[in-house]
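Each chain, letter by letter, is given below.
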Amino acid sequence: MDLRGSGLFLAIILIVETCFVVANGNFVFQVERRKTRLGLREARKRDDRRRGRILSAVDLNLGGNSQPTETGLYFTKLGLGSPPKDYYVQVDTGSDILWVNCVDCARCPKKSDIGIDLTLFDPKESKTSELVPCDHEFCSSTYDGPIPGCKSDIPCPYSITYGDGSATSGYYVQDYLTFNRVSGNLNTVPQNSTVFFGCGNVQSGTLGSSSDEALDGIIGFGQANTSVLSQLAASGKVKKIFSHCLDNTKGGGIFAIGEVVEPKVKTTPLVPRMAHYNVNLKDIEVGSDILQLPTDIFDSGSGKGTVIDSGTTLAYLPSMVYDQLITKVLARQPELKLYLVEQQFTCFEYTGDVDDGFPVIKFHFEDSLSLTVYPHEYLFLFKGDIWCIGWQKGVSQSKNGRDMTLLGDLVLSNKLIVYDLENMAIGWVDYNCSSSIKVKDEKTGAVYTVGAHNLSSASTLLIGRILTFFFLLIAVLNSLTN
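Residues numbered from 1 in each chain as written. Predicted model: local features only at pLDDT ≥ 70, side-chain atom pairs only at ≥ 80, totals over all residues. Heavy atoms only, no water.

### What to know about the overall build of the protein
Thought 1: If you tally the helices and strands in the protein, you get 7 helices and 31 strands.
Thought 2: Only carbon and sulfur atoms are counted for the fraction: they give 48% of the accessible area of the protein, which is about 19200 Å². (Helix = DSSP H or I, 4+ residues; strand = E, 2+ residues; numbered from the N terminus. Areas by Shrake-Rupley, 256 points an atom, 1.4 Å probe, with all protein chains shown as cover.)

### Considerations on the sheet that holds strand E18 (residues 315–317)
Hydrogen bonds between backbone groups are what pair the strands of a sheet, and the pairing can be parallel or antiparallel.
Thought 1: The sheet built from 5 strands is open, its strands ordered E14-E17-E26-E18-E25 with mixed pairing. Two strands lie at the open edges of the sheet, namely strand E14 (278–279) and strand E25 (391–393), each paired on one side alone.
Thought 2: In this sheet, strand E17 (residues 305–308) lies alongside E14 in antiparallel orientation, the contact comprising 2 bridges. The partner of Val279 across the bridge, within E17, is Thr306.
Thought 3: Packed onto the sheet, helix H4 (residues 319–330) meets E18 and E25 and runs at close to 135° relative to E25. (Pairing = 2+ DSSP bridges. Contact = heavy atoms within 4.5 Å. Axes fitted to C-alpha atoms, helices over the stretch in contact; angles between N-to-C directions.)

### Digging into the packing of aromatic side chains
Thought 1: Applying the stated rule across the entire model yields 14 aromatic pairs.
Thought 2: For the ring pair Phe138 and Tyr172, a centre distance of 5.1 Å and an interplane angle of 80° mean the geometry is edge-to-face. Taken as a pair, Phe138 in helix H2 (residues 137–142) and Tyr172 in strand E7 (residues 167–184) lie far apart in primary sequence, 34 residues in all. For the residue pair Phe138 and Tyr172, the accessibility class agrees, reading buried in each case.
Thought 3: For the pair Tyr277 and Tyr419, a centre-to-centre distance of 4.8 Å together with 70° between the ring planes defines the contact as edge-to-face. Linking Tyr277 in the loop between strand E13 (266–269) and E14 with Tyr419 in strand E27 (residues 415–420), this pair joins segments that are 142 residues apart in sequence.
Thought 4: Relative accessible area serves as the criterion here: at 1%, Tyr277 is assigned to the buried category.
Thought 5: Judged by its relative accessible area of 1%, Tyr419 falls in the buried class.
Thought 6: Among the aromatic residues, those joined into a ring-pair cluster are Phe138, Tyr158, Tyr172 and Phe196. (Phe/Tyr/Trp six-rings, centres within 6.5 Å; stacked < 30°, edge-to-face > 60°. Buried < 20%, exposed > 50% of the residue type's maximum accessible area, 1.4 Å probe, protein only.)

### Some remarks on the nonpolar core
Thought 1: Core analysis: the biggest nonpolar cluster contains 71 residues, and Ile284, Leu325, Phe358, Phe363 and Trp391 have the highest contact counts within it.
Thought 2: When residues no more than four places from it in sequence are discounted, the contact partners of Phe358 are Val329, Leu330, Arg332, Gln333, Leu336, Phe348, Tyr350, Pro375, Tyr378 and Leu379.
Thought 3: Among the nonpolar cores identified, the runner-up in size contains 13 residues, and Ile97, Val132, Tyr158 and Tyr172 belong to it. (Core = buried A, V, L, I, M, F, W, Y, C linked by side-chain atoms within 4.5 Å.)

### Structural notes on the sheet that holds strand E19 (residues 338–341)
Thought 1: Judged by pairing direction, the sheet is antiparallel, and its 4 strands sit side by side in the order E19-E20-E24-E23 without closing on themselves. One side of each edge strand has no neighbouring strand; the edge strands of this open sheet are E19 and strand E23 (379–383). In this sheet, adjacent strand axes meet at a mean angle of 40° when their direction is disregarded.
Thought 2: Of the pairings in the sheet, the one linking E19 to strand E20 (residues 345–349) comprises 4 bridges and is antiparallel in character. Paired with Leu340 across the bridge in E20 is Thr346.

### Considering the state of the cysteines
Thought 1: Applying the stated criterion across every chain yields a total of 6 disulfides.
Thought 2: The side chain of Cys134 participates in a disulfide bridge whose partner is Cys150; the two sulfur atoms lie 2.0 Å from each other. Across the S-S bond linking Cys134 and Cys150, the dihedral sits near 95°, which makes this disulfide right-handed. Highlighted residues: Cys134 in the loop between strand E5 (130–131) and H2 and Cys150 in the loop between H2 and strand E6 (157–161), separated in sequence by 16 residues.
Thought 3: On the accessibility criterion, Cys134 (2% relative accessible area) is buried.
Thought 4: Disulfide pairing is shown between Cys139 and Cys156; the S-S distance is 2.2 Å. An S-S torsion of about 90° defines the bridge between Cys139 and Cys156 as right-handed. (Disulfide = S-S within 2.5 Å.)

### Focus on the confidence of the model for the protein
Thought 1: Mean pLDDT over the protein works out to 75, with 70% of the residues at or above the 70 mark.
Thought 2: Note that pLDDT drops below 50 for residues 396–401; the model gives that stretch 11 contacts with residues more than four away or on any other chain.
Thought 3: Here residues 453–482 scores under 50 on pLDDT; set against residues more than four positions off or in separate chains, the count is 140 contacts. (pLDDT = per-residue confidence, 0-100.)

### Some remarks on the side chain of Lys240
Thought 1: On the secondary structure map, Lys240 appears in the loop between helix H3 (228–234) and strand E10 (241–246).
Thought 2: Lacking a salt bridge, the buried Lys240 has Glu422 as its closest oppositely charged neighbour, with an N-O distance of 7.2 Å. (Lys, Arg positive; Asp, Glu negative; His and termini not counted. Salt bridge = Lys/Arg side-chain N within 4 Å of Asp/Glu carboxyl O.)

### Some remarks on the pattern of salt bridges
Thought 1: For the structure shown, the criterion picks out 6 salt bridges.
Thought 2: Taking the shortest distance from any N to any O, the salt bridge between Asp289 and Lys328 comes out at 3.7 Å. Of this pair, Asp289 sits in strand E16 (residues 289–290) while Lys328 sits in helix H4; the two residues are 39 residues apart in sequence, bridging distant segments of the chain.
Thought 3: As a salt-bridge pair, Lys393 and Asp323 come within 3.2 Å of each other at their nearest N and O atoms. You can see Lys393 sitting in strand E25 and its partner Asp323 sitting in helix H4, a full 70 residues away along the chain.
Thought 4: The partly exposed category is assigned to Asp323, whose relative accessible area is 37%.

As structure tokens, this is what we get:
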């Protein structure tokens with residue numbers, strides 16, 4: 001169905017036990033959350049896998065639990081083909097395409113411990129599915145020119161290799177992606193739009209194994225023209241603006257695509273020509289002291305720079321930054337006896353109020369935007385009266401990752417984060433993520449109030465929480481070019 005000129009407003013509502021909020025809108029995804037109890041070592045290992053994908057310019061996972069002792073897997077159910085069939089795919093702000101496992105797949109997972117039935121997409125069973133040939137305009141633009149040796153009967157290929165060694169490859173198809181369009185106050189009707197997506201036929205590594213993380217595929221919300229968001233924006237259906245809010249107090253949160261009217265959010269420029277959401281960090285303040293660091297310590301490029309990543313549980317700092325920061329954090333409590341838990345987490349026993357006993361930390365960015373992190377956010381209760389420090393030294397020991405500053409859920413929780421790709425900026429504001437936001441319909445000027453909800457009691461699945469993405473499609477005059 002052609003939605004051109006519909007003037008719809010796109011937003012997303014996520015209902016999570018610990019994570020996201022979303023905006024109300026004309027299209028809806030229902031998103032499940034797989035929550036498991038992890039040890040601290042497992043939390044770090046998961047972050048390392050995510051970090052590896054970041055360095056390969058592929059994966060910045062959407063979701064995750066801000067508590068290092070627990071972690072979540074966030075995925076959405078969407079319809080593909082005609083008639084539509086349901087597929088469960090991971091929501092990912094770093095990937096740039098939507099792909100699902102297909103019938104001719106080798107080594108695709110056969111089962112999942114998440115509590116869902118995995119489904120292989122079969123283009124022949126869809127009345128509207130079309131293979132995308134390698135000489136198609138979409139294929140040429142994806143690869144910045146013609147593919148050598150291309151013939152009209154050869155499908156357009158896709159291939160992604162992640163930093164952890166996992167890989168997916170296959171070919172592009174074009175078919176209907178089905179949403180639930182909001183027709184009133186939390187009322188929806190089915191709606192579809194034609195998109196290009198990958199049909200995976202070869203998977204390896206963790207993508208090719210049946211495990212507690214196995215899904216049908218991934219939907220990417222990255223910046224490239226191949227992402228579903230970019231495809232909708234290029235056709236004038238959406239604005240390339242999205243937001244999320246992670247609540248680590250009551251659970252729930254917001255993930256909205258569209259312009260947020262309230263609360264007002266101040267922004268800082270995104271670093272241009274970067275695959276991920278890189279920002280210019282200027283300095284760090286601990287208490288009232290500015291860390292004394294080399295002027296180039298936060299420069300972008302060559303495995304350095306600062307990345308905003310809601311898919312990472314903890315926060316990672318270059319060694320020099322980490323050492324100074326930890327020294328100042330602990331300076332107020334010189335009598336503390338420190339313990340090393342699982343060979344990587346610095347912990348201590350403390351019975352007082354951590355917000356009274358430890359300093360507030362502020363990250364200062366370009367254009368005078370600051371991000372404030374309170375002690376109860378960067379310290380987490382391990383067990384009993386044992387607290388651990390969430391800051392971590394380096395991202396890995398690889399030469400491409402040790403100087404990167406990676407800010408994950410540890411510092412992003414309880415803040416509304418706005419990604420404005422129309423103006424290449426990102427911003428945030430301290431916020432009650434279990435409350436509501438206001439979003440604007442650009443065509444009519446109407447403003448919608450959107451709040452977080454918990455729909456777990458209505459879920460057909462037995463595990464996880466349900467997050468519902470309300471996508472409000474907004475007609476735009478100009479689409480952002482990548």
